[in-house]
Amino acid sequence: MSAAKTRTRLKGAAREELASTLAKGYANASVRQLAVRHGLSFGLTQTLLREGGAEIRPKGTTQVPGQPWPPKDPHRKPSRMTEGRLVLIFDVCDRYEAGATIRDLVVSHGLPFGTVQQLLRDGGAEMRPPHVLPPHKARWNLPPWPSSH
């Protein structure tokens, strides 16, 4: 039989010192990295981080070393604004405001539907409600249905 590893319980000053060390290291490493580095379980590492005063980041989040936590703008990274993208935004917005539908723009530019929508949002175009065609695209220009009063 092999002897099972036993760990002595961390108490007092040693526990406080380890908690402080982990909290300092948490700025540039994940909980899992710290656990492996110090030979601790994931749960104990989290407990010691809390005792050391660290704010545990939510699961699945990434943090770039040197960046403050929590991030100022947690939303997705904005698209890179290149000159070509700007020209495309202006062209798509001008054609949309002149009456083209999003589907027309998808076909003419060979872009996915969602990309065209994002370009229109980036250009500040006022979006038409879905399934509402501009007057020149409507099949029949009929007056509104009379009310039944």
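Residues numbered from 1 in each chain as written. Predicted model: local features only at pLDDT ≥ 70, side-chain atom pairs only at ≥ 80, totals over all residues. Heavy atoms only, no water.

Trainee: Sorry if this is basic, but what is going on with the overall build of the protein here?
Mentor: Helix and strand content of the protein: 6 helices and 0 strands. Walking the protein from its N terminus toward its C terminus, one meets helices and strands in the order α-α-α-α-α-α. The buried share of the protein, taken over its 149 residues, is 21%. Sequence separation of at least 24 residues holds for 50% of the intrachain contacts in the protein that already meet a minimum separation of 6. By element, 56% of the accessible surface of the protein is carried by carbon and sulfur atoms, the whole surface being about 11900 Å². (Helix = DSSP H or I, 4+ residues; strand = E, 2+ residues; numbered from the N terminus. Buried < 20%, exposed > 50% of the residue type's maximum accessible area, 1.4 Å probe, protein only. Contact = heavy atoms within 4.5 Å. Areas by Shrake-Rupley, 256 points an atom, 1.4 Å probe, with all protein chains shown as cover.)

Trainee: Would you mind showing me how to read the packing of helix α5 (residues 102-109) against helix α6 (residues 113-122) here?
Mentor: Angle between the axes and distance between the axes are the two parameters that describe a pair of packed helices. Two elements in contact, α5 and α6, have axes whose closest approach is 9 Å; the angle formed by their N-to-C orientations is 110°. When the axes of α5 and α6 are compared, the pair comes out roughly perpendicular. As for how α5 packs across α6, the hand of that crossing is right-handed. Counting all contacts with α5, which are made through Ile-102, Arg-103, Leu-105 and Val-106, the residues of α6 involved are Phe-113, Val-116, Gln-117 and Leu-120. Split into classes, the residues belonging to the contact of α5 with α6 amount to 6 nonpolar, 1 polar and 1 charged. (Axes fitted to C-alpha atoms, helices over the stretch in contact; angles between N-to-C directions. Parallel < 35°, antiparallel > 145°, perpendicular 65-115°, else oblique. Left-handed = near helix turned anticlockwise from the far one by under 90°. Nonpolar A, V, L, I, M, F, W, Y, C, P; charged D, E, K, R; others polar.)

Trainee: Could you clarify how one ought to interpret the pattern of salt bridges in this entry?
Mentor: Scanning the model with the defined rule gives 2 salt bridges in all. Arg-15 is the salt-bridge partner of Glu-51, the closest N and O atoms lying 2.9 Å from each other. One end of the pair, Glu-51, is in helix α3 (residues 42-51); the other, Arg-15, is in helix α1 (residues 12-25), with 36 residues separating them in the sequence. Look at Glu-51 and you get partly exposed, because its relative accessible area is 45%. (Salt bridge = Lys/Arg side-chain N within 4 Å of Asp/Glu carboxyl O.)

Trainee: Is there a simple way to explain a negative patch on the surface in this structure?
Mentor: Together, Asp-91, Asp-94, Glu-97 and Glu-126 give the surface a local cluster of negative charge. Within the secondary structure, Glu-97 is located in helix α4 (residues 83-97). (Patch = residues over 30% accessible without salt bridge, like charges linked within 9 Å, V, L, I, M, F, W, Y side chains within 5 Å. Lys, Arg positive; Asp, Glu negative; His and termini not counted. Charge placed at Lys NZ, Arg CZ, Asp CG, Glu CD.)

Trainee: Please explain a nonpolar patch on the surface as it appears in this structure.
Mentor: Nonpolar side chains collect at one region of the surface, where Met-81, Leu-86 and Phe-90 lie side by side and expose about 300 Å² of accessible area between them. Mapped onto the secondary structure, Leu-86 falls in helix α4.

Trainee: Looking at this structure, I do not really get helix α2 (residues 31-38). What am I missing?
Mentor: An α-helical turn contains 3.6 residues, so any two residues separated by three or four positions project in the same direction. Taken residue by residue, α2 has Val-31, Leu-34 and Ala-35 as its buried positions. Each buried residue of α2 sits inside an arc of 100° when the element is viewed along its axis, so together they form one side. For α2, the exposed residues set more than 90 degrees away from the buried face come down to Arg-32, Val-36 and Arg-37. Contacts from the buried residues of α2 go to α1 and α3. Residue Gly-39 follows α2 closely and has a positive phi angle near 70°. (Arc of directions from axis to C-beta.)

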